[in-house]
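A structural walkthrough
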Amino acid sequence: MHFSFSDDQDQFRGVIARFCRDKSPTSQVRTLMASDLGFDPEIWQQLCQQVGLVGLHLPEAQGGSGFTAVELGIVMEEMGRHLLCSPFLSTVMASTAVAQAAGADECSTYLSRWAEGKELATLAVCETDMHFEPHNILLKATPVDDEYRLNGHKRYVVDGHSVDVILVVADTGSQLALFEVAHNAAGLTRTGVETMDATRKLAQLDFQDTPAVFIGALSPAQLGEIYNTLLVALANEMIGGAQALLDAAVEYTKLRVQFGRTVGSFQAIKHRLADLLLEVELAKTAAYQAAQALAEQRNTSEMASLAKAAASEAYLQAGIQCIQLHGGIGFTWENDTHLWFKRAKSSEVFFGGPAYHRERMLQQIIESAARSETSVAEEINT
Amino acid sequence: MSDVNPDNVRSEVRQWLETHWDPSLSLVAWRNLLVDSGWAAPHWPEDYFGKGFSSALASVVDEEFNRAGAIGAAHAGPRMLAAVTLLEHGNHTQKTNYLRRILTGEDSWCQLFSEPGSGSDLAGSTTRADLNGDQWVVNGQKVWTTSAHHADYGLLVARTDWDVPKHQGLSYFIIDMRQPGIEVRQLRQMNGHASFNEVFLTDALVPRENLLSEVGNGWQVAVTTLAHERQSFARSRGGTDTTQLSGTIYDEYREELAVANEPYVWYPQRAGRVDLALQRAQETGTINDPVVRQDLARLLILSRTAQWTAARGRAAQQAGKPQGPEGSLSKLAASNIARTAARLHTDTTGPEALLTGENSPHKGIIAEILVSVPAVSIAGGTDEIQKNIIAERVLGMPKEPRFDKGPFRDVPRNVNVSEI
Ligand SMILES: Cc1cc2nc3c(=O)[nH]c(=O)nc-3n(C[C@H](O)[C@H](O)[C@H](O)COP(=O)(O)OP(=O)(O)OC[C@H]3O[C@@H](n4cnc5c(N)ncnc54)[C@H](O)[C@@H]3O)c2cc1C
């Protein structure tokens with residue numbers, strides 16, 4: 001398959017890139033990361049209303065914009081490049097989940113509630129690790145009258161301390177299902193946690209007989225598709241960040257003079273940057289291909305995990321090298337490199353680390369190799 | 001040009017093959033027919049045996065040849081390096097004289113660039129060419145010249161002026177390899193094969209009209225050859241699969257390939273044989289080792305993303321977008337892939353990696369991988385040179401400080417090289 005962005009997609013990228021560049025200078029990032037909320041509601045609403053980001057990657061029949069994971073990837077990449085602080089990831093998580101669990105009309109209703117960027121929503125899945133595996137979802141949902149009551153806890157909930165609506169994946173005893181919980185529901189305790197990457201706010205949520213509205217059942221396959229979408233979104237965000245770090249390292253080493261020459265003229269540094277360029281370009285390709293595969297519903301688990309693993313390694317390398325090539329100033333709080341470095345570190349483990357995703361990808365590859373062998377064998381036998 | 005689309009091309013070539021493909025012809029007779037039709041090299045310009053197709057359209061043509069079991073133009077060895085260089089820098093006579101016989105397979109070529117004293121630093125060549133009447137007289141030595149022992153012609157870089165800066169004193173020639181002034185000695189490589197050679201040039205002659213481009217323009221011409229060579233590391237060229245087909249033309253073709261491809265039988269191994277990686281892990285049981293699984297996954301990610309990155313570069317080019325960095329990275333990626341693959345093959349093979357030859361795993365193929373991979377990061381420009389190029393051309397980093405400015409005569413160079 002040959003991958004190339006269309007002219008429309010390039011134009012769309014231009015719009016998002018300009019917005020992020022204008023609205024997210026690092027001075028702004030620093031202000032927002034020190035705030036409790038973690039983003040500027042006015043900027044977020046502009047973005048929603050001017051560009052229509054909510055439901056971007058979902059079909060029109062479900063109330064989305066009818067674009068695909070490729071456009072979602074473009075937005076994430078540009079946001080990642082500029083570290084735009086916004087509730088976009090939590091919104092993508094919530095909208096992707098309702099699209100899987102709810103009927104088309106119901107999904108449209110949710111998306112229209114969130115479209116203006118005023119009501120905010122997130123998705124709470126993880127309790128122990130961040131792998132979205134059904135057997136690790138222990139939070140109980142018990143029917144009471146025509147409602148449910150939730151008991152248990154969720155961790156690493158993106159923007160969980162500040163959103164209006166929390167979509168919760170819980171176990172009803174017979175199946176997994178998606179529930180809606182209001183931010184002020186009885187028995188819900190929301191605790192913002194201190195995060196190493198302060199540009200991404202996380203919360204712990206505790207549920208004690210918390211009333212919840214049933215949205216729909218979630219099969220393991222549906223949960224897997226939500227996961228794959230989020231992996232692809234995150235991988236695309238990560239390659240944007242990795243490119244920003246590479247650019248910063250190139251720019252700085254071309255200016256900084258030691259021993260009577262720019263440090264960028266030393267071959268040790270040129271070669272390291274060439275290696276990094278290769279790693280970043282390969283990860284970009286992985287992220288683009290995975291978005292395309294998701295759009296075409298092709299090998300989604302294999303491709304999503306491949307992209308997440310590749311992006312994790314490349315972003316981390318970019319972080320390490322960019323700090324190293326800045327020398328002492330790179331280790332200061334004042335220098336901006338650590339903002340991306342921390343996003344690289346947190347993204348590396350977010351939704352599972354690279355070793356987990358290499359294994360997940362490999363299992364898919366082995367299974368499909370076995371499948372194609374059996375189908376050949378069957379053909380020969382018949 | 002509305003009629004040039006994949007579907008039309010497919011039906012046109014199919015029709016042409018139905019009428020013309022004749023396995024009872026001799027190989028050269030068939031290929032001459034092919035060259036006249038333009039189907040031998042459809043991506044070449046229309047004035048020179050081609051049809052001016054894009055590479056995407058040309059691959060449609062390849063598919064149809066394969067489907068019909070029809071033999072295409074000769075493609076083995078460095079002949080395509082010669083072809084692209086001639087197409088870009090040759091004059092009309094040179095193109096008409098040499099291109100046809102490249103395609104028919106009657107002539108084969110080699111690349112006389114590297115010398116004992118100058119490999120990466122190709123512009124430091126000390127092989128000299130001096131004009132004497134209507135002939136250039138060439139003296140010097142080339143080395144690591146792949147396929148020189150089969151070649152009819154060589155692409156020769158030699159120094160024609162010692163008193164100008166080194167890049168300006170080179171010229172590029174077509175040299176007849178079958179002449180008394182040329183002695184070719186095969187060199188044995190660390191993997192036991194003998195694909196490359198030493199070539200000694202002693203008063204070897206090049207007629208004046210075999211100068212390519214201008215005197216002093218050799219460096220620019222060489223850059224064309226090298227650019228093509230580096231790209232070819234990421235691509236493997238196919239050719240019609242004739243293993244199941246019988247008939248004299250197929251026998252002739254297979255014999256041609258056996259000779260022409262003999263220096264390259266180990267090339268798939270030097271690329272690391274990623275295609276065998278999963279199979280080896282499964283058949284040795286090492287697939288159950290979590291460390292092997294991680295390394296295998298890393299290798300597959302590396303090799304797939306490298307392939308897709310090259311495709312992304314080509315797709316952008318075809319869509320008429322500005323050339324991104326993707327195209328420059330293939331060769332460096334190929335080295336990383338080969339090295340990663342060789343390590344994995346060692347791990348999956350275990351103590352049997354101590355063995356070599358027919359009775360070792362996969363009839364010696366695994367052992368051959370382990371001792372062939374080191375060539376990838378040297379041949380066609382070393383990794384270090386690739387990184388310099390990427391850093392300077394793609395990332396815009398400062399150039400290396402130079403100690404070789406001024407007239408070449410005064411530039412420091414290796415001591416043991418025959419002096420002028
Ligand atoms: C299998 C094979 C086939 C070949 N076929 C051909 C052929 O057909 N025709 C032909 O002409 N040649 C051929 N070559 C030769 C090949 O092009 C050269 O070996 C290669 O360009 C390196 O040159 P060298 O061997 O002189 O190494 P050197 O240039 O001496 O390099 C030695 C080391 O120094 C490093 N180095 C050199 N310059 C720099 C620099 N500026 N910065 C940092 N590091 C540097 C190199 O990377 C290398 O690690 C072949 C080689 C091999 C292995």
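Residues numbered from 1 in each chain as written. Chains lettered and ligands numbered in written order. Predicted model: local features only at pLDDT ≥ 70, side-chain atom pairs only at ≥ 80, totals over all residues. Heavy atoms only, no water.

Moving on: the side chain of Ser-360 of chain B. For Ser-360 of chain B, the location among the structural elements is in the loop between helix H11 (330–349) and helix H12 (365–372). Contact partners of Ser-360 of chain B, with chain neighbours within four places excluded, come to Leu-355 and Ala-367 of chain B. (Helix = DSSP H or I, 4+ residues; strand = E, 2+ residues; numbered from the N terminus. Contact = heavy atoms within 4.5 Å.)

Let us now look at the environment of Val-157 of chain B. All names here are of chain B. Structurally, the position occupied by Val-157 is in strand S4 (residues 153–159). Residue classification places Val-157 among the buried residues on the basis of a relative accessible area of 1%. Not counting the four nearest positions on each side in its chain, Val-157 is found in contact with Leu-112, Phe-113, Glu-115, Ser-125, Lys-142, Leu-170, Ser-171, Tyr-172 and Ala-222. (Buried < 20%, exposed > 50% of the residue type's maximum accessible area, 1.4 Å probe, protein only.)

Before going further, it helps to examine the site of the ligand. Close to the ligand lie 18 residues, the nearest being Ser-114, Ser-120, Trp-144, Thr-382 and Glu-384 of chain B. With respect to the ligand, the chains having nearby residues are chains A and B. For the ligand, an oxygen atom lies 3.3 Å from a polar atom in the backbone of Gly-119 of chain B. One of the side-chain N or O atoms of Ser-120 of chain B is found 2.6 Å from an oxygen atom in the ligand. Look at the ligand: alone it shows 970 Å² of surface, and the protein chains cover 70% of it. Contributions of two or more residues to the shell around the ligand are made by strand S3 (135–146) and helix H13 (383–394) of chain B. Here the residues of the shell around the ligand are counted per class, giving seven nonpolar, 10 polar and one charged. (Near = heavy atom within 4 Å. Polar contact = N/O pair within 3.5 Å; in protein donor to acceptor, adjacent residues only side chain to side chain. Areas by Shrake-Rupley, 256 points an atom, 1.4 Å probe, with all protein chains shown as cover. Nonpolar A, V, L, I, M, F, W, Y, C, P; charged D, E, K, R; others polar.)

Reports of interface size often rely on the accessible area that becomes lost once the parts have come together. All names here are of chain B. According to the domain assignment, chain B consists of domain 1 (1–73 + 237–262), domain 2 (79–88 + 105–226) and domain 3 (266–381). Centre-to-centre separation of domain 1 and domain 2, based on C-alpha positions: 30 Å. Counting residues at the interface gives 10 residues for domain 1 and seven residues for domain 2. When domain 1 packs against domain 2, the two sides together hide about 710 Å² of surface, and 61% of this comes from carbon and sulfur. Together, Val-28, Trp-44 and Glu-262 form the three largest contributors to the area buried by domain 1 at its contact with domain 2, with a combined 52%. Applying the counting criterion to the domain 1 and domain 2 interface returns zero salt bridges. (Domains from an automatic or database assignment. Buried area = accessible area lost by both parts, 1.4 Å probe. Salt bridge = Lys/Arg side-chain N within 4 Å of Asp/Glu carboxyl O.)

This brings us to the interface of chain A and chain B. Listed by partner, the interface residues are 44 residues for chain A and 42 residues for chain B. Both sides of the chain A and chain B interface together cover about 3,600 Å² of buried area, and 65% of this is carbon and sulfur. On inspection of chain A and its partner chain B, the count reaches eight salt bridges. A salt bridge links Glu-281 of chain A to Arg-312 of chain B; the shortest N-O distance between them is 2.8 Å. One can count 19 residue pairs in polar contact (both at pLDDT 80 or more) joining chain A with chain B. Elements with a contribution of two residues or more to the side of chain A that touches chain B: helix H1 (7–23), helix H7 (220–255), strand S9 (261–262), helix H8 (267–295), helix H9 (300–326) and helix H11 (354–381) of chain A.

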